[in-house]
Amino acid sequence: MSTSVAIKYGTAPVVPQTVPRPRVRAVPRAAAPGPGADVYTELTSALFAGFARRDQRLKAEQYLHGLLAAQGRKSIRNIAAQIGGPAAEQSLHHFISSSTWDWQPMRASLGRFLERGGHPQAWVVRPMPIPKAGEHSVGVDRRFDPERGQVFQGQQAFGVWFAGEELSAPVNWRLFLPDPWVKDRTRRDRAEVPDEAGEETLEECAVSAALDTARWTDITRKPVLLDIRGGAGRAALARLAAAGVPVVARIGAGSRLAIADRSLPGFGAGPLPAGQILESLKGLRRPVSWVDTVGGARTSRTSLATAVRVALPSPGGERMRPLMLLGEWDDPRRGPARVWISDLTQATVGSLLRLTKLAQRVDRDFAAVGEEAGLRDFVGRSYRGWHRHITLASAAHTATVLGAAYGAGHGVRRAAG
């Protein structure tokens, strides 16, 4: 058994509990071979050792068991059906919505566990829209979902995913509160929204999720991947830089940058659209190989890409910050399909491009595992209940992807201390 760093939620000793060990499912719904059980045991030991009260640890184990075992939507009722019915439902509802335990130490423990066992290469900040039929769940509002290209009613959250080539899992979350929720004291009190949850833009919410994660102890900071198209990109980059967090950010082709390499055409011409800069340098494109792991298969792929040193223009004549502009082409006869900017100025074109592909890894793991783990399934109305549910759903996702990786022989090491 490995040793794990645990932040105590109290001072009383933790007494071992007897909770049926669920089978850790790979994707599709097949139980992972033997090592999957070891993942589950080590994960629960790492995450739940901080509970001072044995009844809280028992309920946490029961809830995680239900998330892994229940079919369909992971509501508290369906989760309770796996362990005892109506009586268990009331007990688990109190544990999630009304108890006093803090979810942040558990998330930090999950991050440390994944760092040891999952070998993350980047932190991917992924938006997660959560459609809702009613109006009373915390943060619900009408908003536009760019992925679906339509307006929907629901919540908007941002997850920080520890991502590597073989697997990814969410470790931290931030729920966006739209203006009506920020300013309506009645709504805030009803949903038990803490006073520190204030007004912010969607982009500020995404960046704050990454910065909250960077404050955890015993965690190695990785490059943060996020999408800042359409937002205040300068402010996002400045906040991450001030915190010492490296970034690889997707930007729009119209974002204006200045060429910083004196040997290249366009140097000294002032700020130019990123797409125009890359098009003028398309003769420098070269093939870059990367591995696509969709469906569990390792497929070698090649993209045309190039990178150039640029600077982000600063207002007031301040010294411009050096950055790397990366472009990737799907069709060599057209403009770049994806444009990224990074402060990893010493990185090669290949290493930068391969980092950007981790966003696809996260999208696939969310669709194949995260949905089934219940990341969007909380049906309560409270702020604290939402955070506790999604923390344990993230643990269920982690148990599944690590169990599948062990069983598939992908070389993911055990989370030994």
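Residues numbered from 1 in each chain as written. Predicted model: local features only at pLDDT ≥ 70, side-chain atom pairs only at ≥ 80, totals over all residues. Heavy atoms only, no water.

The chain has the name ISXo8 transposase in an unreviewed UniProt entry, where Streptomyces filamentosus is given as its organism.

Colleague: Before we go on, may I ask you to explain the environment of serine 75 in this structure?
Modeller: Among the structural elements, serine 75 can be located in the loop between helix H2 (54-69) and helix H3 (76-81). Taking relative accessible area as the criterion, serine 75 reaches 13% and is therefore assigned buried. For serine 75 and histidine 93, which are 18 residues apart along the polypeptide, the C-alpha to C-alpha distance reads 9.9 Å. Apart from the residues lying within four places of it in its own chain, the contact partners of serine 75 are Asp377 and Val379. (Helix = DSSP H or I, 4+ residues; strand = E, 2+ residues; numbered from the N terminus. Buried < 20%, exposed > 50% of the residue type's maximum accessible area, 1.4 Å probe, protein only. Contact = heavy atoms within 4.5 Å.)

Colleague: For this particular structure, what's the right way to read the nonpolar core?
Modeller: One recurring pattern in soluble globular proteins is that nonpolar side chains are buried together. Judged by nonpolar contacts, the single largest core of 115 residues is most densely connected at Leu226, Leu257, Leu325 and Leu392. With 10 residues, the top contributor of residues to this core is helix H13 (residues 383-408). With near-sequence residues (within four places) excluded, leucine 257 lies in contact with Ile251, Gly270, Pro271, Leu272, Ala274, Ile277, Val310, Ala311, Leu312, Pro313, Leu325 and Ile341. (Core = buried A, V, L, I, M, F, W, Y, C linked by side-chain atoms within 4.5 Å.)

Colleague: Before we go on, may I ask you to explain the pairing of strand S1 (residues 122-131) in this structure?
Modeller: Within a regular strand, side chains alternate between the sheet's two faces. By the criterion of burial, S1 is predominantly enclosed, with 8 of the 10 residues buried. Where S1 meets strand S3 (residues 150-163), 10 bridges bridge the pair, whose relative direction is antiparallel. When the sheet's bridge partners are listed, alanine 122 is paired in S3 with alanine 163. Relative to strand S5 (residues 224-227), S1 runs parallel, the two being bridged by 2 bridges. If you follow tryptophan 123 over to S5, its bridge partner there is valine 224. (Pairing = 2+ DSSP bridges.)

Colleague: Looking at this structure, how should I read the pattern of salt bridges?
Modeller: Working definition: two side chains of opposite charge can pair if their charged atoms are close together. Under the definition given, this model contains 24 salt bridges. With a closest N to O distance of 2.4 Å, arginine 298 and glutamate 166 form a salt bridge. You can see arginine 298 sitting in the loop between strand S9 (286-292) and strand S10 (299-312) and its partner glutamate 166 sitting in the loop between S3 and strand S4 (168-175), a full 132 residues away along the chain. Exposure remark for arginine 298: the relative accessible area of 49% places this residue in the partly exposed category. A residue is classified by how much of its surface remains accessible, and glutamate 166, at 22% relative accessible area, is partly exposed. Here aspartate 189 makes a salt bridge to arginine 185, at a shortest N to O gap of 3.2 Å. Of this pair, aspartate 189 and arginine 185 both sit in helix H7 (residues 185-191), 4 residues apart, roughly one helical turn. Take arginine 185: its relative accessible area is 45%, and that puts it in the partly exposed class. Linked by salt bridges that have partners in common, Arg174, Glu200, Asp212 and Arg215 make up one network. (Salt bridge = Lys/Arg side-chain N within 4 Å of Asp/Glu carboxyl O.)

Colleague: What should I look at first to understand the pairing of strand S2 (residues 141-145) in this one?
Modeller: Sheet topology note: the S2/S3 ladder contains 5 bridges and is antiparallel. The residue bridging aspartate 145 from the neighbouring strand is glutamine 150, located in S3. Hairpin geometry of S2 and S3 is characterised by an intervening segment of 4 residues between the two adjacent antiparallel strands and by a positive phi of about 70 degrees at glycine 149.

Colleague: What is the right way to look at the packing of aromatic side chains in this model?
Modeller: Centre-to-centre distance and the angle between the planes together describe a pair of aromatic rings. Overall, the coordinates contain 7 aromatic pairs when judged by the stated rule. An angle of 55 degrees between the planes, with centres 6.1 Å apart, marks the rings of phenylalanine 51 and phenylalanine 95 as tilted. Of this pair, phenylalanine 51 sits in the loop between helix H1 (35-48) and H2 while phenylalanine 95 sits in helix H4 (residues 86-98); the two residues are 44 residues apart in sequence, bridging distant segments of the chain. The residues phenylalanine 51 and phenylalanine 95 share a single accessibility class, namely buried. One aromatic cluster in this structure is built from Phe48, Phe51, Phe95 and Trp101. Between the NZ or CZ atom of lysine 357 and the centre of the ring of tryptophan 290, over which it lies, the distance is 4.3 Å. In this arrangement the basic side chain of arginine 388 is found over the ring face of tryptophan 101, its NZ or CZ atom lying 5.4 Å from the centre. (Phe/Tyr/Trp six-rings, centres within 6.5 Å; stacked < 30°, edge-to-face > 60°. Lys NZ or Arg CZ within 6 Å of the ring centre and 35° of its normal.)

Colleague: Honestly, H4 in this entry has me stumped. Any pointers?
Modeller: In an α-helix there are 3.6 residues to a turn, and that puts residues three or four apart on one side. Under the 1.5 Å per step criterion, the end-to-end length of H4 is 17 Å for 13 residues, consistent within 8% with the ideal 18 Å. For H4, the set of buried residues is Ala88, Leu92, Phe95, Ile96 and Ser97. The arc enclosing the buried residues of H4, seen along the axis, measures out at 165 degrees, which places them on a common side. H4 presents Pro86, Ala87 and Gln90 as exposed residues on the side facing more than 90 degrees away from its buried surface. (Expected span 1.5 Å × (residues − 1). Arc of directions from axis to C-beta.)

Colleague: Got a minute to help me understand the environment of aspartate 331 in this structure?
Modeller: Among the structural elements, aspartate 331 can be located in the loop between strand S11 (321-329) and strand S12 (338-342). With a relative accessible area of 19%, aspartate 331 lands in the buried category. Separated by 27 residues in the primary sequence, aspartate 331 and leucine 304 place their C-alpha atoms 8.6 Å from one another. A distance of 2.9 Å separates a polar atom in the side chain of aspartate 331 from the backbone nitrogen of arginine 333. (Polar contact = N/O pair within 3.5 Å; in protein donor to acceptor, adjacent residues only side chain to side chain.)

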